[in-house]
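The lines below spell out each chain.
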Amino acid sequence: MKLRISNGRVIDPSQNLDAVVDLFVEDHRIVAIAEAPSGFDDCEVVDVEGKWVLPGLVDTAVALREPGYSQKGTIASEGRAAVSGGVTTLICPPNTKPIVDTPAVAALIQDKADDAGMANVFPIGALTQGLQGEQLSNMVALTDAGCVALSNHGHDIASNRVLSRALEYAATHDLLVVFHSDDSSLSEGGCAHEGMMSTMHGLAGIPETAETIALMRDLLLVEKSGVRAHFARLSCAKSVEMIANAKAAGLDVTCDVALHNLLLTDEVLKEFDGQFHVIPPLRSENDRLTLIEGLKTGVINAICSDHQPHEKMAKVAPFAATEPGMANVEVLLPLALRLMDEGDLSLDQLLTALTYGPAACFGLEAGSLAVGSFADFVIFDSTDRWLWDHSTRKSKGLNSGFTGEQMTGRVVQTFISGQRVYTLS
C-alpha cells in the first residue's frame, strides 16, 4: 500500500525538520519527504492540511497489566489508549503475574500485542528471578525472547554482591539494565514527598535521600561493571546533578522523568486526593524546575507517561491507602505541550524527549520520520480543545489527577508501519 500524507506540517527533531511538506509511504516505511519518488503513483492521498505530522511517540513506561491484573488493564485496552495518544512504541515493565522472568511470558505479551494490532510493544525482563533480588534471571534468554532491557523494577536488591554480579553479567553480554533507584529502608511506608505538605497532612514522607543514596550506589556499581544503564523516573534535583556528573565522567547512562513530575508538585497534596499518589512522589518546585532544566541541557533523555492503570476502587480510600500511579498515556502529548505553552521547553526539546530521545535510550528503530524508517507517525490537531473525562477515556484505568480537565491538542490519526490503527471518531 502506498500513502501520500499531504499538506501537513511535518515536525521531526531527529532531522531538524519543521516544514509543510508531503510524506510518502510504501512497504511499511518512509520512502520520501517533500518530493515523490519515481514511479510513485496510484497511492492513497491523506490530506492533513492544518495538522501536525509527528513521529510516533516512544514511551518508556507503560504498564499493560496483562498477564495477571486484567481488572486494571489489558494489552488490548492499554494499547488502544496508547495509539489514541499517538504512542506507537511502548516499553512495559516486568511486574506482571507471572513475572517476566521467563521467555514464555515475554513471548505471551508480544503475541497478545500482535493480536491486538495496536502499538509496538517491547517488554522489559526481570533482572532477578521473581524480582526477589536473590537469583539472577536468564538474561540472555529473555533478551533473545524480545526483552529490550532487564530491571528489578523497584524491588530492592538488598545484597550489593548480587546486584554487582547481575550488572557484570549484563555488561558481559552488552545488555541494558534499567534502575529504579530507591533505598527501601528510607522509603518504606512513605506515600508523599517528605516536606512541609506531608507533615501538615500527617502523611508518611519519602525523603529525597531514598532516591539519591540508592542512585549513588547504583552509579558506583555501573562504573565498576561498565554496564549500559538507564535510570527511570528521576524525581529529585540532586539526582539530576548526579546523572550529569556520571555522564561527564563517561559512564554509559541515560535517564527519564515522568511527565507528572514536570507538571505538578507536592502542593497538590492539600487536596488530599489519592489520584495524586504516585511513586516516586511529586516533589518540590525546586525539584520540578531542576528536572525541566535537565531536559533542556540533555542530562535527562526522555519524558514518559509512567502509565499505571487502576480500577476505580484502587483510589477510593484515604490517600496513604490508595494504590500509587496515574494513567495518562492517552493524553501524554497534550499534557506535555503545556510545558511549551508555559515557556519551560521548546517544541523541539519536547518532541525530542518524546520520540527519538527515548528510542535511542533503548536502541529502538523508532521515533523518526527519516527516509527508510518504519512509517510510525501521528496526525495531530494542535488547536483542538476538548474535555478529557470518563466518556472520552480509552484506558481501562480510571485514575488520573488530570481527569476532567480541558486539553488543547488532539491526535486524530495514528499509523504504525504505514497502517492506520487509530482514527478519532
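Residues numbered from 1 in each chain as written. Predicted model: local features only at pLDDT ≥ 70, side-chain atom pairs only at ≥ 80, totals over all residues. Heavy atoms only, no water.

Participant: Help me out: how do you make sense of the sheet that holds strand 10 (residues 120-123) in this one?
Facilitator: To summarise the sheet geometry, strands pair through backbone hydrogen bonds and adopt either a parallel or an antiparallel arrangement. Spatially, 3 strands are ordered 8-9-10 in an open sheet, and the strand pairing comes out parallel. Of all the strands in the sheet, the pair left with one neighbour each is strand 8 (57-59) and strand 10. Each strand of the sheet is rotated relative to its neighbour by a mean of 15°, with strand direction disregarded. As paired strands, strand 8 and strand 9 (residues 87-92) are joined by 3 bridges and run parallel to one another. Bridge pairing in strand 9 places Leu-57 opposite Val-87. (Pairing = 2+ DSSP bridges. Helix = DSSP H or I, 4+ residues; strand = E, 2+ residues; numbered from the N terminus. Axes fitted to C-alpha atoms, helices over the stretch in contact; angles between N-to-C directions.)

Participant: What is the right way to look at the UniProt feature "domain: Dihydroorotase catalytic" (unreviewed entry) in the protein in this model?
Facilitator: UniProt records the feature "domain: Dihydroorotase catalytic" (unreviewed entry) for residues 50-235 in the present numbering. Secondary structure content for residues 50-235 is 38% helix and 18% strand, while the C-alpha to C-alpha distance between its ends is 37 Å. (UniProt positions renumbered as here; feature names shortened; annotations may be inferred.)

Participant: Help me out: how do you make sense of the domain arrangement of the protein in this one?
Facilitator: When the parts of a complex come together, some accessible area is lost, and that lost area is often used as the size of the interface. Along its sequence, the protein is organised into domain 1 (2-53 + 374-383 + 406-423) and domain 2 (56-367). Look at where the C-alpha atoms of domain 1 and domain 2 centre, and you get two points 30 Å apart. Contacts between domain 1 and domain 2 engage 22 residues on the former and 24 residues on the latter. Where domain 1 abuts domain 2, roughly 1800 Å² becomes buried across the two surfaces, and 67% of that area is made up of carbon and sulfur atoms. Counting the surface domain 1 buries against domain 2, the share from its top three residues, Pro-13, Met-407 and Ile-416, is 29%. (Domains from an automatic or database assignment. Contact = heavy atoms within 4.5 Å. Buried area = accessible area lost by both parts, 1.4 Å probe.)

Participant: Could you clarify how one ought to interpret the sheet that holds strand 1 (residues 2-6) in this entry?
Facilitator: If you trace the 4 strands from one edge of the open sheet to the other, you get 5-4-1-6, paired in mixed fashion. Every other strand in the sheet has two partners, leaving strand 5 (29-33) and strand 6 (44-47) as the edge strands with one partner each. Going across the sheet, the axis of each strand differs from the next one's by a mean of 25°, ignoring polarity.

Participant: Please explain the state of the cysteines as it appears in this structure.
Facilitator: A covalent bond bridging the sulfur atoms of two cysteines is what the word disulfide describes. Taken as a whole, this structure holds 0 disulfides when the rule is applied. The closest cysteine sulfur to the non-disulfide-bonded Cys-236 is located on Cys-255, 12 Å from its own sulfur. The class for Cys-236 is buried, based on a relative accessible area of 0%. Not part of a disulfide, Cys-361 finds its nearest cysteine sulfur in Cys-255, a span of 7.5 Å. Accessibility expressed as a relative area gives 7% for Cys-361, which makes it buried. (Disulfide = S-S within 2.5 Å. Buried < 20%, exposed > 50% of the residue type's maximum accessible area, 1.4 Å probe, protein only.)

Participant: Mind showing me how you'd approach the pattern of salt bridges here?
Facilitator: Any two side chains of opposite charge can pair, given that their charged atoms come close. Applying the stated rule across the entire model yields 17 salt bridges. The partner of Asp-18 in a salt bridge is Arg-9, and the shortest N-O contact between them spans 2.8 Å. Where Glu-311 meets Lys-72, a salt bridge forms, and the shortest distance between an N and an O atom there is 2.9 Å. Of this pair, Glu-311 sits in the loop between strand 18 (302-304) and helix 11 (332-341) while Lys-72 sits in the loop between strand 8 and helix 1 (75-84), and the two are 239 residues apart along the sequence. Judged by relative accessible area, which is 23%, Glu-311 ranks as partly exposed. (Salt bridge = Lys/Arg side-chain N within 4 Å of Asp/Glu carboxyl O.)

Participant: When you look at the environment of Gly-397 in this model, what are you seeing that I'm missing?
Facilitator: Mapped onto the elements, Gly-397 comes out in the loop between strand 19 (377-388) and strand 20 (405-416). On the accessibility criterion, Gly-397 (0% relative accessible area) is buried. Distance from Gly-397 to Lys-312, taken between C-alpha atoms, is 7.6 Å for residues 85 residues apart in sequence. Residues in contact with Gly-397, not counting those within four places in the same chain, are Lys-72, Glu-78, Pro-309 and His-310.

Participant: Just checking my understanding: could you explain helix 1 for this structure?
Facilitator: One turn of an α-helix holds 3.6 residues; hence residues three or four places apart share an orientation. Most of helix 1 is tucked away: 8 of the 10 residues are buried. Every buried residue belonging to helix 1 is among Ile-75, Ser-77, Glu-78, Gly-79, Ala-81, Ala-82, Val-83 and Ser-84, and all of these are buried. The secondary structure elements touched by the buried residues of helix 1 are strand 9, helix 2 (103-116), strand 20 and strand 21 (419-423).

Participant: Quick question: what am I supposed to make of the nonpolar core here?
Facilitator: In summary, soluble globular proteins display a tendency toward joint burial of nonpolar side chains. Membership of the largest hydrophobic core comes to 89 residues, with the highest contact counts inside it found for Leu-90, Leu-219, Phe-231, Leu-259, Leu-262 and Ile-303. Here this core takes 6 residues from helix 11, the largest share from any one element. Looking at which domains feed residues into this core, each of domain 1 (2-53 + 374-383 + 406-423) and domain 2 (56-367) supplies at least three. When residues no more than four places from it in sequence are discounted, the contact partners of Leu-219 are Phe-231, Met-242, Ile-243, Ala-246, Leu-251 and Val-253. Listed in part, the 18 residues of the second largest apolar core include Ala-375, Ile-379, Val-412 and Phe-415. (Core = buried A, V, L, I, M, F, W, Y, C linked by side-chain atoms within 4.5 Å.)

Participant: Would you explain the packing of aromatic side chains in this entry?
Facilitator: For any pair of aromatic rings, the description consists of the separation of the ring centres together with the inter-plane angle of the planes. Enumeration over the complete set of coordinates arrives at 5 aromatic pairs. The interplanar angle of 45° and the centroid separation of 5.6 Å between the aromatic rings of Trp-52 and Phe-380 together place this pair among those described as tilted. One end of the pair, Trp-52, is in strand 7 (residues 52-55); the other, Phe-380, is in strand 19, with 328 residues separating them in the sequence. Residue Phe-380 is classed as buried on the basis of its relative accessible area, which comes to 0%. Where Phe-272 meets Phe-319, the ring centres are 6.1 Å apart and the plane angle is 40°; that geometry is what we call tilted. In this pair, Phe-272 is assigned in the loop between helix 9 (259-263) and helix 10 (285-297) and Phe-319 in the loop between strand 18 and helix 11, connecting sequence segments 47 residues apart. Assessed through its relative accessible area of 1%, Phe-319 is described here as buried. Across the ring face of Phe-40, the terminal group of Lys-2 is positioned such that the distance to the ring centre comes to 5.4 Å. (Phe/Tyr/Trp six-rings, centres within 6.5 Å; stacked < 30°, edge-to-face > 60°. Lys NZ or Arg CZ within 6 Å of the ring centre and 35° of its normal.)

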